Amino acid sequence: IVKPFSEIPGLWKNGVANLYNFWKLDGFKNLHRIMLNNFNTFGPIYREKIGYYESVNIINPEDAATLFKAEGHYPKRLKVEPWTSYRDYRNCKYGVLLKNGEDWRSNRVILNKEVISLKVLENFVPLLDEVGLDFVDRVNKKINRSGQNRWTTDLSQELFKYALESVSSVLYGERLGLMLDYIDPEVQHFIDCITIMFKTTSPMLYIPPSLLRKIGAKVWRDHVEAWDGIFNHADRCIQKIYRDLRQETGTPKKYPGVLASLLMLDKLSIEDIKASVTELMAGGVDTTSVTLMWTLYELAKHPNLQEELRAEVAAARAESQGDMQEMLKRIPLVKGALKETLRLHPVAVNLQRYIGEDVIIQNYHIPAGTLVQLGLYAMGRDPKVFSRPEQYRPSRWLRTETQYFRSLGFGFGPRQCVGRRIAETEMQIFLIHMLENFRVEKQRHVEVQSTFQLILLPDKPIIFTLKPL
Ligand code: HEM
Ligand code: 2DC
């Protein structure tokens, strides 16, 4: 017999008291660990209310399947109010990230063709490959300058620049030149603003931004300032392409980039294009760079695995005679490594949907409209879902038959990450070039944990040593 919604275990009766306890546990930074604890306490389903944030949380792949079957034609994620509030406040349009309903679907369908369909891959690969090669050059220069035949450094700034250069090159069809020694302070400011924007979002998930705005809270002011920096810089990049396109100087390029393609297609309003391109630019920096950072960390911890991956890449290079697109089809273990990184260190701690219809999960009735969250971080570390979950083992992804609703780092279905193809290609190409050129090491005995700043980040800088092979 199906049990009612009100009997789901958990703490959901007093949002204010729960927010207070959450705050005492330093929950703003530990959301992922608190979720893990909650599953241990309450079992595979629990209900929760923190401040004004109400949800039902699940952890099993089978329940994830039920959730996504109930997402409807217009899948809807948690409304991230600080982000919508900023746009309302500044009178900016929402892009696909924040739109919903038919408006979302029509924009998303057009965007999909330009950023996630298989046919655009051939346009992206040469651009991303060039960025990868430039990164290798840059590391080699640093190694030579060190005079010690190695480069020891915290790579995070380098990876931010690599990620921004990569996503910009496909969006704008031209290089920004971020792999050089000189970095434009405006670009550095843009990168810093993204990090601050994420960091200031998390406390505002639980307290309405409208309230924080009324009382002039610092976190709201910092948040506005960060988005202002993001929008200003993105605007400048977009304006430049727009002007160039109207003046049409010289011979048109083979591939003009996502932005110019969208403008020429003329199916979306300029305001809609600007809104989504700004989101793509902002969404393309911290996400891939942190995933690459964690991957290098795991490879540094497991030198034998690093050699195995290197051998796979060498074989792929030989077989494809250097054709990068062919090469990308021959590196299953590298792809497994990226999945393994997202299993242990997911960018998104959870996936959520407001369900479109009533469902039954774990024998509880859940009414339509409820926010249901799949605990991605918790699932990735659950021994019932992954054997020996603490082990970083890319080969576990080689057998496809056991992957049912387990590889969800980019979300699922029509609302999944629209930047997925860019992200995956950019990260695969990065790893190929790094493995072909350098051995990656890190200081021993330094264990790094995650901290939640809307996305999961390393809690301290990771110092890597890169040595030429
Ligand atoms: C949405 C993860 C990189 C732009 C998402 C979602 C996840 C995610 C989990 C929500 C999906 C869902 O609800 O089902 C990641 C990861 C990345 C990554 C793990 C890299 C390792 C990127 C990049 C871009 C980007 C490079 C931009 C080029 C977006 C946008 C959305 C989104 C715009 C909203 C899509 C929509 O609502 O229609 N991402 N992402 N992401 N991501 Fe990513
Ligand atoms: C954070 O409880 C935890 O891809 C919350 O590139 C629920 C939640 C809702 C939306 C998620 C967010 C979490 C993590 C970061 C995500 C975001 C949707 C998109 C965003 C997953 C899980 C991200 C990083 C986008 C950001 C693009 C933006 C900068 C323009």
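The coordinates are above.
Residues numbered from 1 in each chain as written. Chains lettered and ligands numbered in written order. Predicted model: local features only at pLDDT ≥ 70, side-chain atom pairs only at ≥ 80, totals over all residues. Heavy atoms only, no water.

Undergrad: Break down the overall build of the protein for me, citing the residues and quoting the values.
TA: Scanning the protein from N- to C-terminus turns up 18 helices and 12 strands. For a compact globule of 469 residues, the expected C-alpha radius of gyration is about 23 Å, and the protein comes in at 22 Å, within 12% of that figure. Dimensions along the principal axes, computed over C-alpha positions, put the protein at roughly 65 × 55 × 40 Å. Within the protein, buried positions represent 55% of all 469 residues. Contacts in the protein between residues far apart in sequence, at least 24 positions, make up 75% of those at least 6 positions apart. Carbon and sulfur atoms provide 53% of the accessible area of the protein, an area that totals close to 21,000 Å². Between the averaged position of the 63 positive side-chain charges in the protein and that of its 55 negative side-chain charges there is a distance of 3 Å. (Helix = DSSP H or I, 4+ residues; strand = E, 2+ residues; numbered from the N terminus. Rg over C-alpha atoms; globule rule 2.2 N^0.38 Å. Buried < 20%, exposed > 50% of the residue type's maximum accessible area, 1.4 Å probe, protein only. Contact = heavy atoms within 4.5 Å. Areas by Shrake-Rupley, 256 points an atom, 1.4 Å probe, with all protein chains shown as cover. Lys, Arg positive; Asp, Glu negative; His and termini not counted. Charge placed at Lys NZ, Arg CZ, Asp CG, Glu CD.)

Undergrad: Break down the site of ligand 2 for me, with residues and values.
TA: Taken together, 19 residues surround ligand 2, and among them Y53, M197, E279, N350 and Q352 come closest. In the environment of ligand 2, an oxygen atom lies 2.6 Å from a nitrogen or oxygen atom belonging to the side chain of Y53. Out of a free accessible area of 630 Å², ligand 2 has 90% covered by protein chains. Take the shell around ligand 2: its biggest share by element is three residues, from helix α12 (residues 270–283). Across the shell around ligand 2, the residue classes break down as 13 nonpolar, four polar and two charged. (Near = heavy atom within 4 Å. Polar contact = N/O pair within 3.5 Å; in protein donor to acceptor, adjacent residues only side chain to side chain. Nonpolar A, V, L, I, M, F, W, Y, C, P; charged D, E, K, R; others polar.)

Undergrad: Help me get a handle on the sheet that holds strand β2 (residues 45–50), residues and values and all.
TA: Strand order in this open sheet of five strands is β1-β2-β3-β8-β5, and the pairing throughout is mixed. Because the sheet does not close on itself, it has two edges, and the strands there are β1 (10–11) and β5 (350–354). Of the pairings in the sheet, the one linking β5 to strand β8 (residues 371–375) comprises five bridges and is antiparallel in character. Note on β8: the bridge partner recorded for Y354 is L371. In this fold helix α1 (residues 15–24) packs onto β1 and β2, with an angle of close to 95° to the strand it touches most, β2. (Pairing = 2+ DSSP bridges. Axes fitted to C-alpha atoms, helices over the stretch in contact; angles between N-to-C directions.)

Undergrad: Would you mind going over empty space enclosed by the protein in detail, with residue names and values included?
TA: This model, assessed by the stated rule, comprises two cavities of 30 Å³ or more. Put simply, the second largest cavity is a space of about 70 Å³. Lining the second largest cavity are L31, M35, E48, I50, Y53, S55, Y206, N350 and Q373. Every element with two or more residues in the lining of the second largest cavity is listed here: α2 (27–42), β2 and β3 (53–58). Here the residues of the lining of the second largest cavity sort into five nonpolar, three polar and one charged. (1 Å grid on protein atoms, 1.4 Å probe; cavity = no way out; pocket = protein on both sides within 12 Å on 5 of 7 lines; lining within 4 Å. Points joined across faces, edges and corners; volume = space filled by probe spheres on them.)

Undergrad: With reference to specific residues and values, describe the layout of surface pockets.
TA: Each pocket or cavity is described by its volume, and for the largest pocket that value is around 610 Å³. Across the lining of the largest pocket, the residue classes break down as 16 nonpolar, eight polar and eight charged. Approximately 330 Å³ is the volume attributed to the second largest pocket. As for the second largest pocket, its lining consists of 18 residues, of which K301, H345, R381, E447 and V448 are closest to the centre. Counting residues per element, the lining of the second largest pocket draws most heavily on helix α13 (residues 286–301), at four residues. The residue inventory of the lining of the second largest pocket, partitioned by class, reads seven nonpolar, five polar and six charged.

Undergrad: If you had to explain the state of the cysteines to someone new, which residues and values would you point to?
TA: Any covalent bond linking the sulfur atoms of two cysteines counts as a disulfide. Inspection of every chain in the model, using the stated rule, returns zero disulfides. Between C237, a cysteine without a disulfide, and C193, which holds the nearest cysteine sulfur, the sulfur-to-sulfur distance is 13 Å. Looking at C237, the relative accessible area reads 13%, which means it is buried. (Disulfide = S-S within 2.5 Å.)

Undergrad: Let's hear about the packing of helix α10 (residues 218–247) against helix α11 (residues 258–265): which residues, and what values?
TA: Two measures define how a pair of helices packs: the angle their axes make with one another and the distance between the axes. Their axes nearest at 10 Å, the elements α10 and α11 cross at an angle of 55°. Here α10 is positioned oblique relative to α11, judged by the angle of their axes. Considering only the axes of α10 and α11, their crossing is right-handed. Between α10, through I238, I241, Y242 and L245, and α11, the contact on the second element is made entirely by L259, A260, L263 and M264. Here the contact of α10 with α11 is built from residues that sort into eight nonpolar, no polar and no charged. (Parallel < 35°, antiparallel > 145°, perpendicular 65-115°, else oblique. Left-handed = near helix turned anticlockwise from the far one by under 90°.)

Undergrad: How would you summarise the coordination of the iron atom of ligand 1 if you had to cite specific residues and measurements?
TA: Here the protein supplies the iron atom of ligand 1 with just one donor, C417 (SG), and that contact is 2.3 Å long. Mapped onto the elements of the fold, C417 is located in the loop between α17 (376–380) and α18 (420–437). (Donors = N, O, S within 2.8 Å, 3.2 Å for Na, K, Ca; no water.)

Undergrad: Could you give an account of the site of ligand 1, naming the residues involved and the relevant values?
TA: Near ligand 1 you find 28 residues, and of these R77, R108, R353, R415 and C417 are the closest. Here an oxygen atom of ligand 1 sits 3.4 Å away from a polar atom, N or O, in the main chain of V96. Contact distances for ligand 1 include 3.0 Å between an oxygen atom and a side-chain N or O atom of W104.

Undergrad: Describe in detail the environment of T402, supporting the description with residues and values.
TA: Within the secondary structure layout, T402 lies in the loop between α17 and α18. Residue class for T402 comes out partly exposed when judged on its relative accessible area of 37%. Taking the C-alpha atoms as reference points, T402 and R444, 42 residues apart in sequence, are found 34 Å from one another.

Undergrad: Any chance you could break down the pairing of β3 for me, citing the residues and the numbers?
TA: Most of β3 sits inside the fold, with five of its six residues counted as buried. Strand direction decides the pairing type here: β2 and β3, joined by six bridges, are antiparallel. Bridge assignment links Y46 to a residue of β3, and that residue is N57. What sits between β2 and β3 in their antiparallel hairpin is a turn of two residues, with G51 showing a positive phi close to 60°. As paired strands, β3 and β8 are joined by three bridges and run parallel to one another. The residue of β8 that forms the bridge with V56 is V372.

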